[in-house]
Structures are given as structure tokens and as C-alpha cells.
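# Analysis of the macromolecular model
This is what each chain is made of:
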Amino acid sequence: MKMTFYGQFVAGEDQEAIKPLIRRNRAFGVGAVLDYSVEEDLSAEEAERQELESCTSAAEKEIGGAEQREKQYRAHPGFGDRRGGVISARTYFYADEAKCDQHMETFLRCIDASSGSSEDGFSAIKLTALGRPQFLLQFSEVLVKWRRFFHQMAAEQGQAGRAALEMRLEAEKLREALANLGIATKAETQRWFTGENLGISGTVDLLDWNSLIDSRTKLSKLLLVPNMQTGQLEPLLSRFTEEEDLQMKRMLQRMDVLAKEAYDNVTVDVELSHREGWHFGTKLVRGAYMDQERERAAQIGYEDPINPTYEKTNEMYHRCLDYILEEIKHSRKANVMVASHNEDTVKFTLRRMMELGIHPSEKKVYFGQLLGMCDQITFPLGQAGFPVYKYVPYGPVQEVLPYLSRRAQENRGFMERANRERDLLWREVKRRLLAGTFFSSSH
């Protein structure tokens, strides 16, 4: 196994075993994003049971209420095993808090391994391994409902169709609308739209709107919004225990960075970094769960959140990337990793970097590909001086088998790329033979 499939896609069993590969890649200018790729080999039935159990709050189990959530944010039988159709992504299932603590220790060891094997490496950490999926589902539901309500208020002020950051609600009209909907009186909302919660010229934008949620406000009181179909006030959140309520309030202060949804969310997060004075950084991916999410939407009955075609996905990727590259040009307080096997995307990035005057030595734009794939992209970039990384899984053979079994199911697109790599290698072998340099020590 180590000489074949494991050796192609996994660097080694532990942090010592991976060092030769890390050093060899580093000699060609290629860094590492380390990922300890051990997974529990759960049956589909056990994975579904754990997922359904962990996606319902304690209060919902006691008195009900999970059915009040929108379909998209409930756990559904048939989609409990999130590994289905997902090739490259590691998948965790919640057992208990002790298991989350074990995952945390694993991540800390991975960080130590990263620092010990290279000077500028990264470690891959998945938030889904560190807490209850219930919270992540409900964070997403809160974000979507809260923003949907904002967009509804914007539409009533004649701003429908504008980009997220271009919508600015007149505070006085907003207070009046909230009073008419029965959410709060004008006296109660007076303090909401003053000082730090009020934008320019007496207006409220999306970030001002998000800042209304903080630890001084009882969630169950504030997060009541009208159902636009029934006209009834409904809670944004299902019922919580006191401890769950406290955890939610802590997390909601950064809820807008928990769900990146294409262009509007990228622009909102960049603007938030300006206002709060922190450095923006992101990794852009096309997504491992796209097919699964589309099938889930079709079967359960909610709007498909995925771009309709591969071409539209590419268009959105390049639009988001171009916005961040422009941000780098103007502020130099942003970084992006272009995590892509798409040669056109890499070429697009290189062209835009040249046009915008972003030099690879500034280390503002990074590139990333999976270990064992697309070496014809990775290594030329590294030798040309661009910051480029391999996503490097490691772990004992038996314990990474679940990961490897999904790699074995890679789709036809991978086989097409593999054929291209084979053709490129064969062309290089013939070139060296004809040039008489095949056995040269310089090679």
C-alpha cells in the first residue's frame, strides 16, 4: 500500500515520516498544508445516527421545535452520512465534547508538526471537528434569516437588487417599519440606531445591522422577525437552554464570517476588516460538497444554493478572486490562497497579478493543490518563486483508509487530469532523450 495508492496521496504515517517529502518539495519551492487525515471508519447507519442526534438541541429534544427550522437547516435521514459523494474532504461526526477535545489535541500536534517540518507551513483545521453540528446549522440559519430580513427592509425602501454593501436603510424609516411590524417600539429602537450602530448620514448598512446582535441583548427578544408569508412574528432561533443561549451570543458576534457565500459575502467580510482593523485572509475553493448539496436541495425541497453550471461557478470564482486581488493592490492588508487544480484559474491569477503589480515575493497570493495531483501546476509555480503549497495528508495506513477509499472513487475529471499529466511526463522524457540529457546529473 505504501508503494502504491497510499504513497501517491499520503506523505507518511507521522510527523517524522513526512519530513523527507516536505524537504524534497521545499527544494523546489513548494510548501505544505499538513492534514492529519485519520477518520473513524463508521458505517453509514452509525454516521447517520450520530449526525441526526447531534443536530438537535437539548431544548428541542425536551419540548420539540426542530420542525420550526427551515428545511435547509434541519438534519434529514438519508443525508446524515455527509461522506456520500465527497472525495477529498475529511468528515467528522460528533460523539461528545471529550471527542472534540481529542480532535483539538490532534490539531495542536498537527500545528507542531507543521512548524517542525517547514518554516512557513500551514495546518488544516476543520471547525466541524470541534463542536456540535447543531450550532453550525443554527448559525447559518440565523445569518440567512437576519440578512433576508435586512434585504426585505431594503426592498421596502426601494433598494431591491442592489449589491449587499450598497444597501443603506434610512434609520428613521427602519425604526418606523419595525414598530409597524410589532417587533419593537420606536422608543425601544432609539438606542439601537445611535453611535456605533449607526452608519453614515443616518443610514444603516448590512454590517451596522449585524452589529445589533451582541451580548447585551437577549436573543429570544431581539431575534424575532416577521414571516413574510404568514405575517406572524417568529424566532430566528429554535429554543435553547441557558448555556446554549450563552454560547450562541458569543459566536454571533462573528456570525458573518462563518458562512462565505460568494461575492456579496466576500465584499462584506473585506469591508468588516476595514472597519475593525484586522487583516483579511481567505482560501478560495470551488467546493467539495457541491453535488451533495444540490441533491439535498432537490430531494428536501429548498432553493438550490449552488451556481447552476460549472461555467457560472468559474465566473463566480474569478469574480471573487479579482475583487480580493484589487483589495491587495489598494491596501496590501489582504491575502488569498487560490486552491485550484484549474489551469485557466491559475493563468487568470498570474495575469491579474502582473496587471496589478503584485509581485510573488510579497507573498500576498498563494496557490495550493492536493498531494499527488497536478504537479505540472505546482512545481513550475514553486520554481518561478510563487508561494505554492501541497495539501499534505498524513497518518497511519489503516487509519487513513476511509480517506483513501474516497480518493479511489475520484470522478472522471481526475482521470482526465491524470491522463494530461501522463502525456506531459512522456513529452518531457522524449525531450530529454532527444537532447541527450536524460541521464545528466543536473536532472
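Preceding this paragraph is the structure being described.
Structural notes, computed from the coordinates. (Residues numbered from 1 in each chain as written. Predicted model: local features only at pLDDT ≥ 70, side-chain atom pairs only at ≥ 80, totals over all residues. Heavy atoms only, no water.)

### What to know about the sheet that holds strand β1 (residues 30-36)
Spatially, six strands are ordered β2-β1-β10-β9-β8-β7 in an open sheet, and the strand pairing comes out parallel. Pairing within the sheet leaves two strands with one partner each, and these edge strands are β2 (122-123) and β7 (280-284). With five bridges joining them, β7 and strand β8 (residues 334-339) adopt parallel strand pairing. Residue T282 lies in a different strand from β8, and its bridge partner there is V336. Where helix α15 (residues 343-356) meets the sheet, its contacts fall on β8 and β9 (365-370), and the angle it forms with β9 comes to roughly 170°. Across the face of the sheet, helix α16 (residues 375-383) comes into contact with β1, β9 and β10 (388-394) while running at roughly 125° to β10. (Pairing = 2+ DSSP bridges. Helix = DSSP H or I, 4+ residues; strand = E, 2+ residues; numbered from the N terminus. Contact = heavy atoms within 4.5 Å. Axes fitted to C-alpha atoms, helices over the stretch in contact; angles between N-to-C directions.)

### Quick notes on the packing of aromatic side chains
What the rule picks out here adds up to ten aromatic pairs. On the basis of an interplanar angle of 65° and a centroid distance of 5.6 Å, the ring pair of F149 and W209 is categorised as edge-to-face. In this pair, F149 sits in helix α6 (residues 133-156) while W209 sits in helix α9 (residues 206-210), placing the two residues 60 residues apart along the sequence. Exposure remark for F149: the relative accessible area of 4% places this residue in the buried category. Taken together, a centroid distance of 5.8 Å and an interplanar angle of 50° make the contact between F150 and W209 tilted. Of this pair, F150 sits in helix α6 while W209 sits in helix α9, and the two are 59 residues apart along the sequence. In this structure, F150 and W209 share a single accessibility class: buried. (Phe/Tyr/Trp six-rings, centres within 6.5 Å; stacked < 30°, edge-to-face > 60°. Buried < 20%, exposed > 50% of the residue type's maximum accessible area, 1.4 Å probe, protein only.)

### Quick look at the pattern of salt bridges
Using the criterion set out here, one finds 15 salt bridges in the structure. A salt bridge links E271 to R275; the nearest nitrogen and oxygen atoms lie 2.9 Å apart. Here E271 and its partner R275 are both found in helix α12 (residues 262-276), four residues apart, which amounts to about one turn of the helix. Taking relative accessible area as the criterion, R275 reaches 39% and is therefore assigned partly exposed. With a shortest N-O distance of 3.8 Å, E315 and K312 are connected by a salt bridge. Highlighted residues: E315 and K312, both in helix α14 (residues 310-331), separated by three residues, approximately one helical turn. (Salt bridge = Lys/Arg side-chain N within 4 Å of Asp/Glu carboxyl O.)

### Regarding α12
Here α12 is 15 residues long and its end C-alpha atoms lie 21 Å apart, about the 21 Å a rise of 1.5 Å per residue gives. By the burial criterion, the buried members of α12 are Y263, N265, V266, T267, V268, D269, V270, L272 and S273. Where α12 is buried, its residues meet α6, α9, β7 and α14. Following α12 by one or two positions, G277 adopts a phi angle in the positive range, close to 80°. (Expected span 1.5 Å × (residues − 1).)

### Considerations on a nonpolar patch on the surface
The grouping of M104, L108, I111, I125, L127 and L130 at the surface amounts to a nonpolar patch, some 490 Å² of accessible area in total. Along the polypeptide, L127 turns up in the loop between β2 and α6. Using a relative accessible area of 45% as the deciding quantity, one classes L127 as partly exposed. (Patch = residues over 30% accessible without salt bridge, like charges linked within 9 Å, V, L, I, M, F, W, Y side chains within 5 Å. Areas by Shrake-Rupley, 256 points an atom, 1.4 Å probe, with all protein chains shown as cover.)

### Things to note about unusual backbone geometry
One non-glycine residue, R332, lies in the positive phi region at around 60°. Positionally, R332 belongs in the loop between α14 and β8. R332 sits in the partly exposed class, given a relative accessible area of 27%.

### Quick word on the packing of α12 against α14
Interhelical geometry of α12 versus α14 gives an angle of 15° and a closest axis separation of 9 Å. By the angle between their directions, the pair α12 and α14 is classed as roughly parallel. α14 is crossed by α12, and the crossing has right-handed handedness. Across the interface between the two elements, A262, Y263, V266, T267, V270 and H274 of α12 pack against M316, R319, C320, Y323, I324 and E327 of α14. Considered class by class, the residues forming the contact of α12 with α14 number eight nonpolar, two polar and two charged. (Parallel < 35°, antiparallel > 145°, perpendicular 65-115°, else oblique. Left-handed = near helix turned anticlockwise from the far one by under 90°. Nonpolar A, V, L, I, M, F, W, Y, C, P; charged D, E, K, R; others polar.)

### Details of the packing of α14 against α15
Following both chains from N to C, one finds α14 and α15 inclined at 25°, their axes separated by 11 Å at the closest point. Judged by the angle between their axes, α14 and α15 are roughly parallel. With respect to the hand of their crossing, α14 and α15 are arranged in right-handed fashion. Taking contact as the criterion, the partners of Y317, H318, L321, D322, L325, E326 and K329 in α14 are, on α15, T345, F348, T349, R352 and L356. Class assignment for the residues of the contact of α14 with α15 results in five nonpolar, three polar and four charged.

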